[in-house]
Structures are given as C-alpha cells and as structure tokens.
Amino acid sequence: SYLAVLLHRLERAGWVRRVKRGTYTLAPGLGFPEAHPFAIGMALVQPCAVSGWAALNHHGLTEQIPRIMTLTTPKRVVTPSMRGGAGRAAPSSWQVGEHRYEIVSVVPSHFFGDEEVWVGDARVRIFDRERALLDCFALPRRFGGLAEGLGVLERHVRDLRLDWLVEYAKRYDSVAVAKRVGWALEHLGMRSSPPVKSLRTLPMRGLRALDPNRVPQGSRNQRWGLIENLAAPRKQRS
C-alpha cells in the first residue's frame, strides 16, 4: 500500500518520471542509462509500432529527425490531451517529458509489416522499411504530400524489397494507394515488371488524385486512373 506514496515522492524529488498511470521511468541526469524514446512509446499503448518519420529515420530512409514520434496502433486510445490534461496539444498526442508522441489508430487490417528490433537494451516494434514507406503513399498528408514518398523511393530503390512493397500495397486494400505505388515504380523504369503490371490491372472506378493533399487538377493518366497533380496547389484545410 506504500508503493503509490513512494512513487509519488520519488517523482516529486525528480528521481522518476511518470509515463502513464502505473508506469514510470528513471528521470534523466541521474547517471543511469535513459530509456530510449521508442521504449517509452511501447509503454504507452499495446500493441503498437513506431511509424512515420521516426521509422523512416531509423531505417536510414530520411535524414529528417522527427520532433514528434508516431505510434500506430489498431486500438482506440484515449490520450491525456483528450482528457484536457495537455494544454493546447493535439488531441492524439501524448507528452512524456521532452518527448512527444502522436498516436495513430488504424483499422486492424492496416496494422501489419512491423518487426522487432533492439534499441539499446530494449526490444521495440517498428514498421519495416517497406511498410514505413507505404504510409507515405497511403497517408501523404502526414508527410507534407506525396513528394516525400516519391523522393525516398527514388533515392533508395536499390535498398528496398520492391516485391514486398507491392504486396503491402495490395494488402492495404485501397486501390488508390496501390495505383500511386505502381505509378511511382513505373516512373522509375519498371514498366514491364510483373509486380508493377499487377498493380496497374487492379480495377478502379473513375480517376483519383495522385496526391490527395493537392487540388485534383492536372493531366489525366488513363493508364493508371490517376490525375497527375503534383504541381497543383495544396488543398486548404477547413
């Protein structure tokens, strides 16, 4: 019965930091190894996987160091900011010390492609290279538009398992996402590749914007059913 009182006193004294109810980590600056930010993220919600910019950076696909770490989970999570306890933070964010996390809840069928890796002395789950890149095509708004995904693919095409990327695009169960991936691969010279052909032949009604983050205006690519709007202005958020 004294444990709760002891933890409260240790927190007030600056020895431990509260991650969430019932979960604490040693405070920094005590001479002990600090918990890796990914490990702290794993303690916030289970199951989850590190995704977004943090996953791309971890795999060496981008040099951009994320200010906010993204955690993808198939669960619906109530964060402290949703309860009004985090000031002006975004509703899906979770602040732990100087680390800020964004919780992205997805349907269970979209939670795949994660792997277990070691960071320091902790084992964490993280989207693998191809699954992390797929999010650039599936959720381009989170990356500032489709250009980031296209750039990563072009720079690291020799390092990626492209057959995995194609299978992930099919598994995501969104024809528009699969078409974007296929269009990008074709523009890298893989027009005759059987995996790319399998994406092109997927049935889709009507035309979709290549970059849904931009106004759907531009040349119409009937081959892929896409409006090539990379040069179009960005959509204004309401």
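The structure displayed is predicted, hence computed values, not measured ones.

Student: Requested: an account of the packing of helix α4 (residues 129–138) against helix α5 (residues 147–155), with residues and values cited.
Tutor: Taken N-terminus to C-terminus, the directions of α4 and α5 make an angle of 145 degrees; their axes are 8 Å apart at the nearest point. Crossing hand, α4 versus α5: left-handed. Facing Leu133, Cys136 and Phe137 of α4, the residues of α5 in contact are Gly149, Leu150, Val152 and Leu153. Its residues placed into classes, the contact of α4 with α5 shows six nonpolar, one polar and no charged.

Student: Describe the confidence of the model for the protein, with residues and values.
Tutor: Overall, the prediction assigns the protein a mean pLDDT of 91, with 95% of residues at 70 or greater. In the model, residues 85–89 has pLDDT below 50 throughout and makes five contacts with residues more than four positions away in sequence or in other chains.

Student: Account for the sheet that holds strand β10 (residues 219–221), naming residues and giving values.
Tutor: Spatially, three strands are ordered β9-β11-β10 in an open sheet, and the strand pairing comes out mixed. Every other strand in the sheet has two partners, leaving β9 (208–209) and β10 as the edge strands with one partner each. Sheet topology note: the β10/strand β11 (residues 226–228) ladder contains three bridges and is antiparallel. Across the sheet, serine 219 pairs through a bridge with glutamate 228, a residue of β11.

Student: Account for the nonpolar core, with residues named and values stated.
Tutor: Of all hydrophobic cores here, the largest spans 60 residues; its most connected members are Tyr101, Leu134, Phe137 and Leu153. Setting aside its immediate chain neighbours within four residues, tyrosine 101 contacts Pro37, Ile40, Gly41, Leu44, Ile68, Met69, Leu71, Ser92, Ser93, Trp94 and Val96.

Student: Account for the pairing of strand β2 (residues 23–26), with residues named and values stated.
Tutor: Two strands pair when backbone bridges link them, and strand β1 (residues 16–20) and β2 are joined in this way by four bridges, in the antiparallel orientation. The residue of β2 that forms the bridge with valine 16 is leucine 26. Connecting β1 to the antiparallel partner β2 that follows it, the hairpin turn spans two residues, and glycine 22 within it adopts a positive phi of roughly 85 degrees.

Reading the values: the criteria
- Starting from 1, residues in each chain are numbered consecutively following that chain's sequence as written.
- Only residues with pLDDT of at least 70 get local features here, since the model is predicted, and only at 80 or more are side-chain atom pairs given and counted; chain-wide, interface and lining totals rely on the full set of residues.
- Only hydrogens and water are set aside when side-chain values are computed; all heavy atoms of the structure are taken into account.
- Working convention: axes come from line fits to C-alpha atoms, limited for helices to the stretch in contact. Angles between N-to-C directions cover 0 to 180 degrees.
- Numbered from the N terminus, helices here are DSSP runs of H or I no shorter than four residues, and strands are runs of E no shorter than two.
- Handedness of a crossing is defined here by the sense of rotation of the near helix relative to the far one, left-handed for an anticlockwise turn of less than a right angle and right-handed for a clockwise turn.
- What makes two residues a contact is simply this: any of their non-hydrogen atoms within 4.5 Å.
- Residue classes follow a fixed rule: Ala, Val, Leu, Ile, Met, Phe, Trp, Tyr, Cys and Pro count as nonpolar, while Asp, Glu, Lys and Arg count as charged, and any other residue, Gly among them, counts as polar.
- As a per-residue measure, pLDDT reflects the predictor's confidence and takes values from 0 up to 100.
- We treat two strands as partners when DSSP finds at least two bridges between them.
- Think of a nonpolar core as a cluster: buried Ala, Val, Leu, Ile, Met, Phe, Trp, Tyr and Cys residues, connected wherever their side-chain atoms sit within 4.5 Å.
- The buried label goes to any residue with under 20% of its type's maximum accessible area, the exposed label to any with over 50%, and the partly exposed label to all in between, with areas taken from a 1.4 Å probe on protein chains only.

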